[in-house]
Amino acid sequence: MKKLQSSLKNMLLVLTGVTAVSVALLAYVNELTKGPIAEANAKTLNEALKKVLPEFTNNPVAESDTVFSEKDGKKIVDFIIYPAKNGEQWVGSAVEATSMGFGGELKVLVGFDAEGKIYNYSLLAHAETPGLGSKADKWFGAYDPAKGEQAVSHEQSAKSILGMNPGDAPLAVTKDMNGQVDAITASTITSRAFLNAVNAAYQAYKGGTADTTSGASRKNEPATAPASEAAADDTNN
């Protein structure tokens, strides 16, 4: 067999062949993993919905509404609203909202009951500092290690947002004017960003509140999210 001469042409041919094989393998692996990844994401979302909403019998994911806005001619997902019903009775809605934290985007799922009170929440994704801002996943439900993952209401702990209604007054940290919620220790920026996401979720909930008989969305317009206060600081406090 004649050995290929070392030339630019031959090198390009080999490189093209390797690239083509690599792309084909990546496409194959992506196709194999696409289904399991989607199933895992759906399972995580369903578990989060069970945590943040009163007991429901419908399929909130199948009945969800997505609220979009436009930027530079492109659609951007602002909120996803998941209505919950027990039988024919609407019992609340969960809203997926985002806000910019200290380390990047926070994605929060907030569950509201039929009266607009916060039933529970789940921090779906974040890039906050481990041991500081990352505590947001439990802090605002007033997690007590001595009691396991048992959440308490705001009446029992100023850390907790549970049972609060952002419609009465937008939620804010106690360091700010009229603030009602204790910030995470040494993580005020993260705390502000988290509460901004909760306030924005409430506006979307109010705008897309389900009809108490049918559970159908009354309107699906973009809600105006409060501006993030986590701007120019270079420390999370």
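Fair warning: this is a prediction, and the values are worked out from it, not measured in the lab.

Each value, and the rule that gives it
- Residues numbered from 1 in each chain as written.
- Predicted model: local features only at pLDDT ≥ 70, side-chain atom pairs only at ≥ 80, totals over all residues.
- Heavy atoms only, no water.
- Pairing = 2+ DSSP bridges.
- Helix = DSSP H or I, 4+ residues; strand = E, 2+ residues; numbered from the N terminus.
- UniProt positions renumbered as here; feature names shortened; annotations may be inferred.
- Phe/Tyr/Trp six-rings, centres within 6.5 Å; stacked < 30°, edge-to-face > 60°.
- Lys NZ or Arg CZ within 6 Å of the ring centre and 35° of its normal.
- Core = buried A, V, L, I, M, F, W, Y, C linked by side-chain atoms within 4.5 Å.
- Buried < 20%, exposed > 50% of the residue type's maximum accessible area, 1.4 Å probe, protein only.
- Contact = heavy atoms within 4.5 Å.
- Patch = residues over 30% accessible without salt bridge, like charges linked within 9 Å, V, L, I, M, F, W, Y side chains within 5 Å.
- Areas by Shrake-Rupley, 256 points an atom, 1.4 Å probe, with all protein chains shown as cover.
- Salt bridge = Lys/Arg side-chain N within 4 Å of Asp/Glu carboxyl O.
- Axes fitted to C-alpha atoms, helices over the stretch in contact; angles between N-to-C directions.

Novice: I would appreciate a short explanation of the pairing of strand 1 (residues 65-71) in the present structure.
Specialist: Each regular strand displays side chains that alternate between the two surfaces of the sheet. Summarising the sheet, strand 1 and strand 2 (residues 74-86) pair through 7 bridges and their orientation is antiparallel. Residue pairing in the sheet places Phe68 in a bridge with Val77 of strand 2.

Novice: Looking at this structure, how should I read the UniProt feature "modified residue: FMN phosphoryl threonine" (unreviewed entry) in the protein chain?
Specialist: Under the UniProt annotation, "modified residue: FMN phosphoryl threonine" (unreviewed entry) lies at Thr188. Looking at the secondary structure, you find Thr188 in helix 3 (residues 188-207).

Novice: Which parts of the structure should I look at to understand the packing of aromatic side chains?
Specialist: Here a ring pair, both rings aromatic, is described through the centre-centre distance and the interplanar angle of the planes. In this structure the tally under the stated criterion is 6 aromatic pairs. Ring geometry for Phe140 and Phe194: centres 4.4 Å apart, planes at 5°, overall stacked. With Phe140 in the loop between helix 2 (136-139) and helix 3 and Phe194 in helix 3, this residue pair connects regions lying 54 residues apart in the sequence. Here the aromatic cluster, defined as three or more aromatic residues joined through ring pairs, consists of Trp90, Phe112, Tyr202 and Tyr205. For Lys75, the ring lying beneath its charged end belongs to Phe68, and the centroid distance is 5.1 Å. Here Lys159 stacks its cationic end above the ring of Trp139, 4.3 Å away from the centre of that ring.

Novice: Would you mind going over the nonpolar core with me for this structure?
Specialist: Soluble globular proteins: nonpolar side chains tend toward being buried together. Ranked by size, the top nonpolar core spans 34 residues in total, and within it Val95, Phe112, Ile118, Phe140, Ile161, Phe194 and Leu195 carry the most contacts. Looking at this core, the elements with two or more residues in it are strand 2, strand 3 (89-100), strand 4 (105-113), strand 5 (118-125), helix 2 and helix 3. Among the elements that take part in this core, helix 3 stands out by supplying 10 residues, more than any other. Not counting the four nearest positions on each side in its chain, Phe140 is found in contact with Tyr121, Lys159, Ser160, Ile161, Leu162, Val181, Asp182, Ile184, Ser191, Phe194 and Leu195. Counting 12 residues, the second-largest nonpolar core is a separate cluster that includes Val52, Leu53, Phe56 and Ile80.

Novice: Even after reading the chapter, I still don't get a nonpolar patch on the surface, so can you show me in this structure?
Specialist: Together, Leu8, Leu12 and Leu15 line one region of the surface with nonpolar side chains, adding up to about 330 Å² of accessible area. Structurally, Leu12 can be placed in helix 1 (residues 8-52).

Novice: Just checking my understanding: could you explain the sheet that holds strand 1 for this structure?
Specialist: Here we have 5 strands laid out as an open sheet, ordered 1-2-3-4-5, and antiparallel in their pairing. The sheet is open, and its two borders are formed by strand 1 and strand 5, each paired with just one other strand. With direction set aside, neighbouring strand axes in the sheet form an average angle of 20°.

Novice: Could you clarify how one ought to interpret the pattern of salt bridges in this entry?
Specialist: Counted under the stated rule, the structure contains 5 salt bridges. Between Glu115 and Lys117 there is a salt bridge, with its nearest N and O atoms 3.7 Å apart. What makes Lys117 partly exposed here is its relative accessible area of 35%. Put simply, Asp137 and Lys138 hold a salt bridge, and the shortest N to O gap is 3.4 Å.

Novice: When you look at unusual backbone geometry in this model, what are you seeing that I'm missing?
Specialist: Comment: phi is negative for the bulk of residues other than glycine, and the bulk of peptide bonds are trans. A positive phi is found at Asn178, a non-glycine position, where the angle reads about 60°. Residue class for Asn178 comes out exposed when judged on its relative accessible area of 68%. You will see that Ala186, though not glycine, has its phi angle at about 65°, which is positive. Position of Ala186 among the secondary structure elements: in the loop between helix 2 and helix 3.

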